[in-house]
Amino acid sequence: MGKIIDGKALSAAVKEEVKAQVPELEAKYGRKPCLCVIIVGENPASQVYVRNKVKAAAYTGMGSELIELPADISEEALLAKIRELNGNPAVDGILVQLPLPKHIDEEKVIDTIAREKDVDGFHPGNVAGLWLGKDCIVPCTPAGIMRMIDSIGLDLKGKRAVVVGRSNIVGKPVAKLLLDRHATVTIAHSRTVDLGSVTREADLLVLAVGKAGLVTGDMVKPGAVVIDVGMNRNAEGKLCGDADYASCEKVASWITPVPGGVGPMTIAMLMKNTIACYLSRMA
Ligand code: GUN
């Protein structure tokens, strides 16, 4: 039976690290780090996520601000707000919660956030940095996944890793991070034919497609580690991942729960990234 990788406990430990660091940074550089989170519109899931992000920042003692903008704000007005924050020396991190309303070009928004304040690691400069192996901000969810892998002491050298999902936020960057650990990495996705034949090869399986119960126990190699990034509602409205937890946990050696797995780690790594952005400007 699979052991649980407790994202909540691990996230709490990371937040404690940051909480201890904040007063030291303030003493050294004369001000605290500060994170600004922008939400456009009223997507209920996004509202929960951004509140948790700002709450975590407040917990660590850093400065934080939630900027709530109406769904019908013009693209230009949003870009103007971002430029204002780019130019504000007291702001270290800028996060614009995705997805954005359809009339706003997400790519333009991401490109407008100053690279050195891009706590999400979505800016092309940071993406290039990741793929070229240069110093950069690593997206929060992939960074959190790697921290979870490290917490169980999994050595990926020569192992088979399968990532299901190819988003810019999770699938692609986590594949690169696994490659950096010398895993043999396969990226599968919604159009992969016979997904089970691919996932059954995996010593490490990262699920990031957003389809409830997509991967069942018979698709998991016995003893594999399963990291579930999915955040779905099942037919009963219950939060669940991309793995069918009941059958997968019988086969896996380690598995992350939903909720309480990758989600809290994303927020913890956002705190770390805010500190990294602060230090890139102050140190
Ligand atoms: N929407 C879903 N995940 C994320 C994330 O990590 N950052 C932002 N900005 N939006 C998201």
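Residues numbered from 1 in each chain as written. Predicted model: local features only at pLDDT ≥ 70, side-chain atom pairs only at ≥ 80, totals over all residues. Heavy atoms only, no water.

Section: the sheet that holds strand S3 (residues 63-69)
- Strand order in this open sheet of three strands is S3-S2-S4, and the pairing throughout is parallel. Every interior strand has two partners, whereas the edge strands, S3 and strand S4 (93-96), have only one. For this sheet, the mean angle separating the axes of adjacent strands, direction not counted, is 15 degrees.
- By the bridge criterion, four bridges tie strand S2 (residues 34-40) to S4 in an arrangement that is parallel. Residue pairing across strands places Leu-35 opposite Gly-93, the latter belonging to S4.
- Of the strands in this sheet, S2, S3 and S4 touch helix H2 (residues 44-60), which is tilted by about 170 degrees from S2. (Pairing = 2+ DSSP bridges. Helix = DSSP H or I, 4+ residues; strand = E, 2+ residues; numbered from the N terminus. Axes fitted to C-alpha atoms, helices over the stretch in contact; angles between N-to-C directions. Contact = heavy atoms within 4.5 Å.)

Some remarks on the site of the ligand
- Around the ligand, a shell composed of Lys-53, Leu-95, Val-96, Gln-97, Leu-98, Asp-120 and Phe-122 is seen.
- Within the contact set of the ligand, a nitrogen atom lies 2.8 Å away from a backbone nitrogen or oxygen of Val-96.
- One nitrogen or oxygen atom from the main chain of Leu-98 is found 2.9 Å from a nitrogen atom belonging to the ligand.
- Protein chains bury 83% of the 280 Å² of accessible surface belonging to the ligand in isolation.
- Class assignment for the residues of the shell around the ligand results in four nonpolar, one polar and two charged. (Near = heavy atom within 4 Å. Polar contact = N/O pair within 3.5 Å; in protein donor to acceptor, adjacent residues only side chain to side chain. Areas by Shrake-Rupley, 256 points an atom, 1.4 Å probe, with all protein chains shown as cover. Nonpolar A, V, L, I, M, F, W, Y, C, P; charged D, E, K, R; others polar.)

Topic: the packing of aromatic side chains
- Within the structure shown, the criterion is met by one aromatic pair.
- With 5.9 Å between their ring centres and 75 degrees between their planes, Tyr-29 and Tyr-278 make a pair best called edge-to-face. Placement of the pair is Tyr-29 in helix H1 (residues 7-29) and Tyr-278 in helix H10 (residues 262-282), with a sequence separation of 249 residues.
- With a relative accessible area of 0%, Tyr-278 lands in the buried category. (Phe/Tyr/Trp six-rings, centres within 6.5 Å; stacked < 30°, edge-to-face > 60°. Buried < 20%, exposed > 50% of the residue type's maximum accessible area, 1.4 Å probe, protein only.)

Here's the deal with the confidence of the model for the protein
- In this model, the protein carries an average pLDDT of 97, and 100% of its residues clear a pLDDT of 70 or more.
- The secondary structure element of the protein with the lowest average pLDDT is strand S9 (residues 232-233), at 94, and the one with the highest is strand S5 (residues 160-164), at 99. (pLDDT = per-residue confidence, 0-100.)

Re helix H7 (residues 171-180)
- With seven of its 10 residues buried, H7 lies for the most part within the structure.
- Among the residues of H7, those classed as buried are Gly-171, Pro-173, Val-174, Ala-175, Lys-176, Leu-177 and Leu-178.
- Those residues of H7 hidden inside the fold are in contact with helix H5 (124-132), helix H6 (140-151), S5, strand S6 (184-188) and strand S7 (204-207).
- Following H7 by one or two positions, His-182 adopts a phi angle in the positive range, close to 70 degrees.

Section: the state of the cysteines
- Applying the stated criterion to the full structure yields zero disulfides.
- With no disulfide partner, Cys-34 has as its closest neighbouring cysteine sulfur the one in Cys-36, 4.6 Å distant.
- For Cys-34, a relative accessible area of 16% translates into the label buried.
- Among the residues examined, Cys-36 registers a relative accessible area of 1% and is labelled buried. (Disulfide = S-S within 2.5 Å.)

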